[in-house]
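Residue strings, one per chain:
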Amino acid sequence: MSRSSTPKGMSRRHFMSHMTGASAMTMPALAMGNTLLNNAEDLKRRRKSAILLWMGGGPSTMDIWDLKPGAPTGGPFRPIATSGDQQISEHMPLMAKQMHNMSIIRSMSTREADHGRGRYYMHTGYVPNPNIEHPSYGAVLSHQLSHQRPELEIPPFVTVGGGSVGPGFLGMAWAPFSVNSNGQVRNLQMGLEDQRLYQRMYALDLIESGFINQRRGSAASDHQKILKKTLNLMTSSQMDAFKVAGEPEDVKERYGNTNFGRGCLMARRLVEQGVPFIEVGLGGWDNHQNIHATLRDTKLPELDQAMSALVEDLEQRELLQDTAIIWMGEFSRTPRINGNAGRDHWARSWSVVVGGGGLNGGLAIGETNSDGTRVETEPYTSQDVMASVCKGLGISLQTTFTSQNGRPMKIANSGKIIKELFS
Amino acid sequence: MKRQLWAFALLGLLAQMVSLPGSANAQTEASDYGIQEVAEINRLIRQGWLDYEIRPSVAASDGEWVRRVYLDILGRIPSVEELREFTQERSPEKRKALVTKLLYDEEYTEQYANNWTTIWTNVLIGRSGGTERNSLTSRPGMQKYLRDSLARNKYYNEMVYELVTATGSNTPGTDQFNGAVNFMTMKLEEKAAQATAKTSRIFLGLQVQCTQCHNHPFNEWKQQKFWEMNAFFRQTRALRRYEPGTRNVSHVELVNESFQGEGLTKDPDKADIYYELRNGITKVAYPVFVDGQTIDPSGYVEDVIRRDELGKLMMESRYLDKMLANRIWAHFMGYGFTKPIDDMGPHNPPTHPELLDYLGQQIRKKNFDLKQIISWVALSEPYALSSRTNSSNESLDDPLLGESPKFSRFYMRQMRAEELYESLLTATRAHEGRGDYEAQEELKSRWLGQFVVAFGNDEGEETTNFNGTIPQALMMFNGDLVKKATDSNKGSFLSELAESNLNNTQKINHLFEAAFARKPSTNEVKVANQLLIARKGDLTAALQDIWWAVLNSNEFILNH
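What counts and what doesn't
In this numbering scheme, every chain counts its residues from 1 along its sequence in written order. Chain letters start at A and ligand numbers start at 1, both assigned in the order the entries are written. For this predicted model, a pLDDT threshold of at least 70 governs which residues receive local features, and a threshold of 80 or more governs which side-chain atom pairs are given and counted, while totals over whole chains, interfaces and linings are taken from all residues. Derived side-chain values reflect all non-hydrogen atoms in the structure, with water molecules and hydrogen atoms excluded from consideration. Starting at the N terminus, helices and strands are each numbered in turn, a helix being any DSSP run of H or I of at least four residues and a strand any DSSP run of E of at least two. For this analysis, residues touch if any pair of their heavy atoms sits within 4.5 Å. Throughout, the Shrake-Rupley method with a 1.4 Å probe supplies accessible areas, and for residues the shown protein chains are the sole cover considered. Using a 1.4 Å probe on the protein chains alone, a residue whose accessible area is under 20% of its type maximum counts as buried, one over 50% counts as exposed, and one in between counts as partly exposed. By buried area we mean the combined loss of accessible area, with a 1.4 Å probe, across both parts when two parts are placed together. A pairing counts as a salt bridge when a side-chain nitrogen of Lys or Arg comes within 4 Å of a carboxyl oxygen of Asp or Glu. Here a polar contact means two N or O atoms within 3.5 Å. Within protein one must be a hydrogen donor candidate and the other an acceptor candidate, and residues neighboring in sequence count only if both atoms are side-chain atoms. Buried Ala, Val, Leu, Ile, Met, Phe, Trp, Tyr and Cys residues that are joined via side-chain atoms within 4.5 Å together make up what is termed a nonpolar core. Throughout the structure description, domain borders are defined by an automatic or database domain assignment. Strands pair, by our definition, only if DSSP identifies at least two bridges between them. Throughout, an axis means a line fitted to C-alpha atoms (over the contacting stretch in the case of helices), and angles, computed between N-to-C directions, take values from 0 to 180 degrees. Within 6.5 Å between ring centres, the rings of Phe, Tyr and Trp (the latter by its six-membered ring) count as paired, and their orientation is classed by plane angle as stacked under 30 degrees, edge-to-face over 60, tilted in between. Residue-level confidence of the predictor is summarised by pLDDT, bounded by 0 at the bottom and 100 at the top. Oblique is the label for every angle not falling under 35 degrees (roughly parallel), over 145 degrees (roughly antiparallel), or within 65 to 115 degrees (roughly perpendicular). A crossing counts as left-handed when the near helix is turned anticlockwise from the far one by less than a right angle, and as right-handed when that turn is clockwise. Following the grouping adopted for this structure description, the nonpolar residues are Ala, Val, Leu, Ile, Met, Phe, Trp, Tyr, Cys and Pro, the charged ones are Asp, Glu, Lys and Arg, and the polar ones are all others, Gly among them. To estimate the expected span of a helix, subtract one from its residue number and multiply by 1.5 Å.

**Digging into the overall build of chain B**
Within chain B, the secondary structure is distributed over 23 helices and nine strands. Taking the intrachain contacts of chain B between residues at least 6 apart in sequence as the baseline, contacts between residues at least 24 apart amount to 66%. Accessible surface, chain B: about 23500 Å² in total, of which carbon and sulfur atoms supply 51%.

**Considering the overall build of chain A**
For chain A, the helix and strand inventory stands at eleven helices and 14 strands. Expressed as a percentage of its 423 residues, the buried residues of chain A come to 61%. The long-range fraction of contacts in chain A, counting pairs at least 24 apart against all pairs at least 6 apart in sequence, stands at 73%. Of the roughly 15500 Å² of accessible surface on chain A, 48% is carried by carbon and sulfur atoms.

**A short note on the interface of chain B and chain A**
In this assembly, 66 residues from chain B lie in contact with 67 residues from chain A. Of the roughly 5700 Å² buried between chain B and chain A, counting both surfaces, carbon and sulfur atoms make up 57%. With a shortest N-O distance of 2.7 Å, R200 of chain A and D545 of chain B are connected by a salt bridge. If you list the elements that add at least two residues to the side of chain B that touches chain A, you get β7 (452-454), α17 (470-478), α20 (504-516), α21 (522-534), α22 (539-551) and α23 (554-557) of chain B. Ranked by residues supplied to the side of chain B that touches chain A, first place goes to α17 of chain B with seven residues.

**Observations regarding the side chain of S392 of chain B**
Residues and elements named next belong to chain B. Here S392 shows up in the loop between α14 (370-378) and β6 (413-414). Overall, the relative accessible area of 10% leaves S392 in the buried class. In this structure the side chain of S392 is engaged in a polar contact, spanning 2.6 Å, whose partner is the backbone nitrogen of R55.

**Topic: the nonpolar core**
Membership of the largest hydrophobic core comes to 119 residues, with the highest contact counts inside it found for L53, W65 and L303 of chain A together with L420, W447, W547 and F556 of chain B. If you tally residues by element for this core, the top one is helix α10 (residues 291-316) of chain A, at ten residues. When residues of this core are assigned to domains, at least three fall in each of domain 1 (29-104 + 317-414) and domain 3 (418-559) of chain B. Excluding its chain neighbours within four sequence positions, the residues that come into contact with W547 of chain B are A427, T428, A485, T486, F493, L494, L511, A514 and A515 of chain B.

**Brief notes about the sheet that holds strand β5 (residues 157-160) of chain A**
Residue and element names in this part refer to chain A. An order of β6-β5-β7-β1-β8-β11-β4-β12 is seen for the eight strands of this open sheet, with the pairing classed as mixed. Edge positions in the open sheet fall to β6 (177-179) and β12 (364-365), since each of these has one partner strand only. Of the strands in this sheet, β1 (49-55), β5 and β7 (277-282) touch helix α5 (residues 137-145), which is tilted by about 155 degrees from β7.

**Quick word on the sheet that holds strand β2 (residues 236-242) of chain B**
Two strands in a sheet stick together by hydrogen bonds in their backbones, pointing the same way (parallel) or opposite ways (antiparallel). Residues and elements named next belong to chain B. Read across the open sheet, the three strands follow the order β1-β3-β2; overall the sheet is antiparallel. A strand with exactly one partner marks an edge of an open sheet, and here the two such strands are β1 (168-169) and β2. As judged from the two bridges shared by β1 and strand β3 (residues 249-256), these two strands associate in the antiparallel manner. By the bridge assignment for β3, G168 is matched with L254.

**Regarding the packing of aromatic side chains**
Counting across every chain of the model gives 23 aromatic pairs over all chains. A centroid spacing of 5.4 Å and a plane angle of 90 degrees characterise the contact between F157 of chain A and F277 of chain A, whose relative ring orientation is edge-to-face. In this pair, F157 of chain A sits in strand β5 while F277 of chain A sits in strand β7, placing the two residues 120 residues apart along the sequence. Here the aromatic rings of Y383 of chain B and F410 of chain B are separated by 5.9 Å at their centres, their planes lie at 70 degrees, and the arrangement is edge-to-face. Residue Y383 of chain B is located in the loop between α14 and β6, and its partner F410 of chain B is located in the loop between α14 and β6; the two are separated by 27 residues in the primary sequence. Within the aromatic cluster, the residues linked to one another by ring pairs are Y112, W116, F332, Y383 and F410 of chain B.

**Section: unusual backbone geometry**
Residues and elements named next belong to chain B. For the bond from K339 to P340, the omega torsion is -5 degrees, close enough to zero to count as cis. By the secondary structure assignment, P340 is in the loop between α12 (318-333) and α13 (353-365). Although it is not a glycine, K191 sits at a positive phi angle of roughly 55 degrees. Tracing the chain through its elements places K191 in helix α9 (residues 189-204).

**Remarks on the confidence of the model for chain A**
Across chain A, pLDDT averages 88, with 89% of residues at or above 70. Taken as a whole, residues 1-38 of chain A scores under 50 in pLDDT and shows 74 contacts with residues more than four places along the chain or in a different chain.

**What about the packing of helix α6 (residues 106-125) of chain B against helix α7 (residues 139-151) of chain B?**
Residues and elements named next belong to chain B. Remark: α6 packs on α7, axes separated minimally by 8 Å, with the N-to-C direction vectors making an angle of 135 degrees. Taken as axis vectors, α6 and α7 run oblique relative to one another. In terms of crossing hand, the pair formed by α6 and α7 is right-handed. Along the contact surface, α6 presents T109, E110, Y112, A113, N114, W116, T117, W120, T121, N122, L124 and I125, while α7 presents R139, M142, Q143, L146, R147, L150 and A151. Residues belonging to the contact of α6 with α7 are distributed by class as follows: ten nonpolar, six polar and three charged.

**Digging into the pairing of β7 of chain A**
Residue and element names in this part refer to chain A. Burial analysis of β7 places six of its six residues in the buried class, which makes it a mostly covered element. Burial along β7 is two-sided: the residues F277, E279 and G281 and I278, V280 and L282 are all buried. Two strands pair when backbone bridges link them, and β5 and β7 are joined in this way by four bridges, in the parallel orientation. Paired with T159 across the two strands is E279, which belongs to β7.

**Some remarks on the pattern of salt bridges**
On inspection of all chains with the given rule, the structure shows 60 salt bridges over all chains. Between R117 of chain A and E112 of chain A there is a salt bridge, with its nearest N and O atoms 2.7 Å apart. Residue class for R117 of chain A comes out buried when judged on its relative accessible area of 16%. You can call E112 of chain A buried: its relative accessible area is 9%. The closest approach of N and O atoms between E418 of chain B and R127 of chain B, which form a salt bridge, is 3.0 Å. With E418 of chain B in helix α15 (residues 417-427) and R127 of chain B in the loop between α6 and α7, this pair connects stretches of sequence that are 291 residues apart. Take R127 of chain B: its relative accessible area is 26%, and that puts it in the partly exposed class. When salt bridges that share partners are traced, they join E247, R268, R269, E272, D313 and R317 of chain A into one network.

**Description of helix α6 (residues 194-212) of chain A**
The end-to-end C-alpha separation of α6 of chain A is 26 Å, in line with the 27 Å expected for 19 residues at 1.5 Å each. With respect to burial, α6 of chain A is a largely interior element, 14 of its 19 residues being buried.

**Considering the environment of R268 of chain A**
Residues and elements named next belong to chain A. Looking at where R268 falls in the secondary structure, it is placed in helix α9 (residues 259-273). Given the relative accessible area of 2%, R268 is considered buried. Between the C-alpha atoms of R268 and I51, which are 217 residues apart in sequence, the distance is 8.8 Å. Beyond its immediate sequence surroundings of up to four residues, R268 is in contact with E247, V251, Y255, L310, D313, L314 and R317.

**Brief notes about helix α7 (residues 218-234) of chain A**
Taking 1.5 Å of rise per residue, 17 residues should cover 24 Å, and α7 of chain A covers 25 Å from first to last C-alpha, within 8% of that figure. Among all positions of α7 of chain A, only A220, D222, H223, Q224, I226, L227, T230, L231, N232, L233 and M234 of chain A are buried.

**Thoughts on the side chain of T334 of chain A**
With respect to the secondary-structure elements, T334 of chain A resides in the loop between β9 (332-333) and β10 (345-346). T334 of chain A has contacts with R343, D344, H345 and W346 of chain A, leaving out every residue within four places of it along the chain.

Here's what the structure looks like:
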């Protein structure tokens, strides 16, 4: 799909004038979003973002970030020195040159070792609860950071190449917008002259509002909010941020010719456009069998290439200090190697990697014991990682949300700050 | 006159005030259509309203109710003709007559079977099951088994027994074809962990998967239980059969083979398996059902076929009937008695334990006849309530606010993607003269594919984008399916409507009835006329605009 994102001959401003100028049919509730464009430069300079590199399946962090050479459970990989004050796997040579920007939290200790529960917990800071759906960090951070970019017309929470966790009680307006790594957004083309689209929208809004007024519950009004966002998006030139194909060849090559590489490149483009939260997914870490060959031959080269390119690129563009990067999966894998030369699910002692966005780089924080089965120092959790990211991005940890049933919920579920990331 | 009116209003207000707590009795009793189970559902649900001092929503209109029933039983909205036939009927028993017709009339057998095949296929193998390259699952095989079974209303317990114990080939047209094997063919890797987890979860509502690696943190299932259940599946093998001379899987055969156990002694008379505790200690397990019943531990298939024994034990388990009752209830009501519906262990008590238990018992008494339990729920009072809230249940009975469901109103929910697809075909009459089942399924699954997002782990977990977010809205705005539905070319639904000898008002009515099962409001008629002017009198184009707006609305996409 190679098309310009605004309908032929129609700028957004032009479109807006149709929407507001026509007098016979004014648009009540669907009145189009914010056109305030002021102090943009000033805001741009200070606006914060976060990129979550989500490793679906649960990667074995003791083969990547916290090696145990010589331990019976250690596996065949050797550690190498990095530009920071830590050692990492020999199969991450490009990241080794970027580690002065990134810190490894080696004393993660969590309790959820089931994919679904672990994914939910690491994305929200809460364990699943049948009575309430918690918002994922992506929804929370985009909700908190959106005021810094009033000119943003595309969704503030984008996931590339994978599922995420939804907005929970924050509502569908903060749901992740999911695209694949080549940036194609389906069905963007309307193929209709703007005047007629607008008239259709008017009729639609009338029907929508009539139904909402019948007090049948929030699903009806949520639908209307999404329609408004959809219309914004269809008419926005900011959609160009999704088009990674237009990047120079050498840049694309640096990120790697993989879905994850293109996803990371898109994340950088979206940060530049002002999107506050982007999640890039890389699956395939559920290595119950044949783990080391899989890591060495496919997973780690793909990760190393793309992640190192992203860190380096953000740094060179002076975006890294305002953009937090979080690398994590739902859990890690057993120190013990099973009968199929794989590792199974393990949440008790593992690593998460963070950097940028006001967080110190170059550190190894916390320790596991000699065979990786236990955390030896203060254990950290999903909440602690998120609390630290919030602090780095200037979001108050006193921020409290109220769930729909009136329960107050503190941001990052009252996680504690990981001091080393700031001192 | 004036005074009279005033007094009338006061009376109404008083009645409302007086009847607030305990008001369920003040409402007219809903009909139970002479069905004992319906009466009992109504009684127990009303009891809950009394306990919570909730006044239920008003009854749904005929149009609202008939739209639901078609959606939930057949997986599509009613056509205008079907709608009118029902609303014009005056008999007090007409709702019962309609449910009976949709379930038992030959005219609807195929649609009923197709809808429930879709539902069960998604439960058993997921939305993407069988679509992967060289998959061990044959989606057409799974569907064929389900369609045949559902079309002749095979008893549910028989179906479960067949799915759990099946052997044979997975692909239609091959020797010894038995489509039921497709439930298990892809779930046998890693010592059949998925077969263990999914069998327990789908049919018994027991979530043992967390206990594969450790004792459950907050329910009583221990790791031992997982592996004892797992031991039932260890004679089972999925054998790949290749196309001659290639490495392409042509079909898969599910067989039972003697199992010698994992122990060093290899004693098939006591075929044992081993698992590891988190502290590294290895423990032994033999087949033991969740309730503690044991079977002959022999691994020889000549002595005992472990899956057959499991199937028999499952047939006797109360979890089997309660899980079915919970699933059917949730399908019609939007929420089950537990959340999630397939987690019914002791740690997760149901909202209406007495009713759940009763429905389970009754369905067992009626030989697990699916059509009976469907008609009980579809004819119940809570299913016939409006989705409009009132001041007493607006917040007290909103599961979205974290409240437990009290079923004092109909909970709105978005149509499933498959329901939307079929409803669009019905509304535009595009179902007439379609290809055969396989060809239709192929088209539909290609369309559905755009909404399925995989999580990238070995358990094949997936989610859907068809959940009210922007990609779905874009699809409705601009996607092929809606483009086709709003097509104005010669011979299309809209052009035929435009050229029919109905007057303009009737044409507009037709569109609203087709999509919403109601007539348009005054304002809606007004906007339709404005559009006709804007289209300079081009009626087809105006109908196209209205139809587009109608199909894109909340009222269309929501089952209300």
